[in-house]
Amino acid sequence: MANADVVIERLEDEGKMGPARGILLKAGMALAAVGSLACLRSIYLTACQLGRTDYLFLEPLTARDYALGRNTSAIRRCVQRALDRPDVRGVVIYASCMDILAYWNADEIMAGLDNPRGVPVEIFYRGPMAKRRVPPMEALRRIWERWGVVDEPELEPVKAEPVFDFDDRPDFEGVIETLRDEDCDILLLTPGGCKSCMSCQVPPVRVDNFRNTRFSDVFVWNCSVDKLCNAIAEYYDGNRPLYLLNTAVTQTIGVDLNMLCKMLVARGIPAVAVETNGFDNTKAEQECFQNQFE
């Protein structure tokens with residue numbers, strides 16, 4: 001895939017865990033993250049499978065929180081909770097696509113921490129918005145090298161009850177559940193990682209009529225709706241309704257679903273906009289959409 005390209009792909013069903021596994025299975029390493037429900041739920045499901053939720057520190061944010069710059073204070077709270085655990089040897093801040101868009105000042109985060117033991121804390125940039133520069137596993141390896149733990153073996157996963165619940169699912173997942181058996185197509189507009197909250201489930205979710213987009217930071221910074229429209233029109237034949245769903249990143253960069261649908265309809269694709277965002281939870285969106293669909 002070229003840097004500015006948009007591709008459309010099926011939902012992966014192998015339940016990949018990604019770099020979160022490598023962090024949570026390193027002895028004494030904590031993972032701290034803030035963000036949308038879509039992003040945090042996939043991390044939580046991974047921690048549950050590994051039996052390591054006691055080393056996971058999360059705080060969900062809304063679109064308003066990001067707009068007001070509250071992500072810095074939120075991640076500081078998560079990191080502090082991790083540092084307060086006496087057996088934590090290091091804290092990896094698991095940056096999401098939204099954190100890359102909103103920008104974090106690392107000095108500001110570190111300056112507000114109470115860290116008398118000098119536990120290392122570092123931001124780990126990963127995912128579709130970062131991997132063009134450095135592959136995620138290589139970026140993580142460099143952190144382990146700096147911390148002197150690169151040669152330590154991974155722990156074995158264990159069966160353990162979660163130490164906290166994270167039951168809220170993102171709004172788009174409820175819409176997908178509503179439409180999965182209908183004669184239609186569903187497309188989630190995302191850099192690629194948002195659907196992990198479905199593929200990380202056990203067993204993984206399988207929805208035959210569901211697809212998602214994938215694109216890099218280059219597309220995000222340019223935000224070409226024409227390129228997005230072209231990719232969709234080339235993939236779908238227009239034989240049945242196509243429901244378009246937004247996620248946190250595409251909403252934030254200003255992808256106008258209604259305008260995109262009009263462009264697609266003009267090209268023979270019967271597209272319908274569903275205003276999801278990945279921040280809100282499933283229940284409210286599902287009830288609203290079911291009423292609309294009926």
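Refer to the preceding data block for the structure.
Residues numbered from 1 in each chain as written. Predicted model: local features only at pLDDT ≥ 70, side-chain atom pairs only at ≥ 80, totals over all residues. Heavy atoms only, no water.

Visitor: Pulling in residues and values, what's your account of the overall build of the chain?
Guide: The secondary structure content of the chain amounts to 14 helices and nine strands. Burial status across the chain gives 55% buried among its 294 residues. Look at the contacts in the chain between residues 6 or more apart in sequence, and 81% of them connect residues 24 or more apart. Carbon and sulfur atoms make up 47% of the accessible area of the chain, which amounts to about 13,200 Å² in all. (Helix = DSSP H or I, 4+ residues; strand = E, 2+ residues; numbered from the N terminus. Buried < 20%, exposed > 50% of the residue type's maximum accessible area, 1.4 Å probe, protein only. Contact = heavy atoms within 4.5 Å. Areas by Shrake-Rupley, 256 points an atom, 1.4 Å probe, with all protein chains shown as cover.)

Visitor: Quick one: what's the story with the packing of helix H11 (residues 225-235) against helix H13 (residues 257-266), residue by residue and with numbers?
Guide: One can describe the packing of H11 onto H13 by two numbers: an axis separation of 10 Å at closest approach and a directional angle of 50°. The orientation of H11 relative to H13 falls into the category oblique. In the crossing of H11 with H13, the sense of the turn from one axis to the other is right-handed. Facing H11, whose interface residues are Val225, Asp226, Leu228, Cys229, Ile232 and Ala233, H13 presents Met259, Leu260, Met263 and Leu264. Residues that form the contact of H11 with H13 fall into these classes: nine nonpolar, no polar and one charged. (Axes fitted to C-alpha atoms, helices over the stretch in contact; angles between N-to-C directions. Parallel < 35°, antiparallel > 145°, perpendicular 65-115°, else oblique. Left-handed = near helix turned anticlockwise from the far one by under 90°. Nonpolar A, V, L, I, M, F, W, Y, C, P; charged D, E, K, R; others polar.)

Visitor: Describe the side chain of Glu59, and please don't skip the residues or the numbers.
Guide: Within the secondary structure layout, Glu59 lies in strand E3 (residues 56-60). In this structure the side chain of Glu59 is engaged in a polar contact, spanning 2.5 Å, whose partner is the side chain of Arg77. (Polar contact = N/O pair within 3.5 Å; in protein donor to acceptor, adjacent residues only side chain to side chain.)

Visitor: Tell me about the sheet that holds strand E7 (residues 210-214), and name the residues and values.
Guide: Reading across from one edge, E1-E7-E6-E8-E9 is the order of the five strands in this open sheet, with mixed pairing throughout. Since the sheet does not close on itself, it has two edges, and those belong to strand E1 (7-10) and strand E9 (271-274), each with one partner. Strand-to-strand twist of the sheet, defined as the mean angle between neighbouring strand axes without regard to direction, takes the value 30°. The pairing of E1 with E7 spans four bridges and is antiparallel. For Val7, the partnering residue across the bridge sits in E7 and is Arg214. Each of strand E6 (185-188), E7, strand E8 (242-245) and E9 touches helix H8 (residues 171-179); the most contacted strand, E8, lies at about 165° to it. (Pairing = 2+ DSSP bridges.)

Visitor: Go over H8 with me, naming the residues and quoting the values.
Guide: Helical periodicity: at 3.6 residues per turn, an α-helix aligns residues three or four positions apart in one direction. With eight of nine residues buried, H8 is to be regarded as a mostly interior element. Listed as buried for H8 are Asp171, Phe172, Glu173, Gly174, Val175, Ile176, Thr178 and Leu179.

Visitor: Which residues make up the pairing of E8, and what values do they have?
Guide: Neither face of E8 is open: one carries Leu242 and Leu244, the other Tyr243 and Leu245, and all of them are buried. Note: E8 against E9, four bridges, orientation parallel. Directly across from Leu245, in E9, lies its bridge partner Val274.

Visitor: Go over the layout of surface pockets, please, and point to the residues and values.
Guide: Computed from the structure, the second largest pocket encloses a volume of approximately 190 Å³. As for the second largest pocket, its lining consists of 13 residues, of which Ile123, Phe124, Tyr125, Val134 and Ala139 are closest to the centre. Among the secondary structure elements, those contributing two or more residues to the lining of the second largest pocket are strand E5 (121-125) and helix H7 (136-147). (1 Å grid on protein atoms, 1.4 Å probe; cavity = no way out; pocket = protein on both sides within 12 Å on 5 of 7 lines; lining within 4 Å. Points joined across faces, edges and corners; volume = space filled by probe spheres on them.)

Visitor: Describe the pattern of salt bridges, and please don't skip the residues or the numbers.
Guide: Here the structure, examined in full by the defined rule, presents 15 salt bridges. Sharing partners across several salt bridges, the network here consists of Glu138, Arg141, Arg142 and Glu145. (Salt bridge = Lys/Arg side-chain N within 4 Å of Asp/Glu carboxyl O.)

Visitor: Report on the sheet that holds E5, specifying residues and quantitative values.
Guide: Ordered in space as E3-E2-E4-E5, the four strands form an open sheet in which the pairing is parallel. Both outer strands of the open sheet, E3 and E5, are each paired with one neighbouring strand and no more. Here the strands of the sheet are splayed against their neighbours by 20° on average, with no regard to which way each runs. Pairing between strand E4 (residues 90-95) and E5: five bridges, direction parallel. Among the inter-strand pairings, Ile93 is bridged to a residue of E5, identified as Ile123. Sheet strands in contact with helix H2 (residues 37-50) are strand E2 (29-35), E3 and E4, and its direction is about 160° off that of E3. Each of E2, E3, E4 and E5 touches helix H4 (residues 71-83); the most contacted strand, E2, lies at about 160° to it.

Visitor: Residue-level account of the nonpolar core, with values.
Guide: Counting residues in hydrophobic clusters, the biggest one holds 79 residues, and the most contacted among them are Val91, Ile232 and Leu244. Here the element with the most residues in this core is H2; it accounts for seven residues. Aside from chain neighbours lying at most four places away, what touches Leu244 is Leu187, Ile232, Leu257, Leu260, Cys261, Leu264, Ala271, Val272, Ala273 and Val274. Ala38, Tyr243, Leu245 and Val274 belong to the second largest nonpolar core, which has 17 residues in total. (Core = buried A, V, L, I, M, F, W, Y, C linked by side-chain atoms within 4.5 Å.)

Visitor: How would you summarise the packing of aromatic side chains if you had to cite specific residues and measurements?
Guide: One pass over the structure, following the stated rule, counts seven aromatic pairs. Measuring from centroid to centroid gives 5.8 Å for Tyr94 and Phe124, while their planes differ by 45°, and the two rings are tilted. Residue Tyr94 is located in strand E4, and its partner Phe124 is located in strand E5; the two are separated by 30 residues in the primary sequence. Taken as a pair, Tyr94 and Phe124 share a single burial class, namely buried. Measuring from ring centre to ring centre gives 5.0 Å for Tyr235 and Tyr236, while their planes differ by 70°; the resulting arrangement is edge-to-face. (Phe/Tyr/Trp six-rings, centres within 6.5 Å; stacked < 30°, edge-to-face > 60°.)

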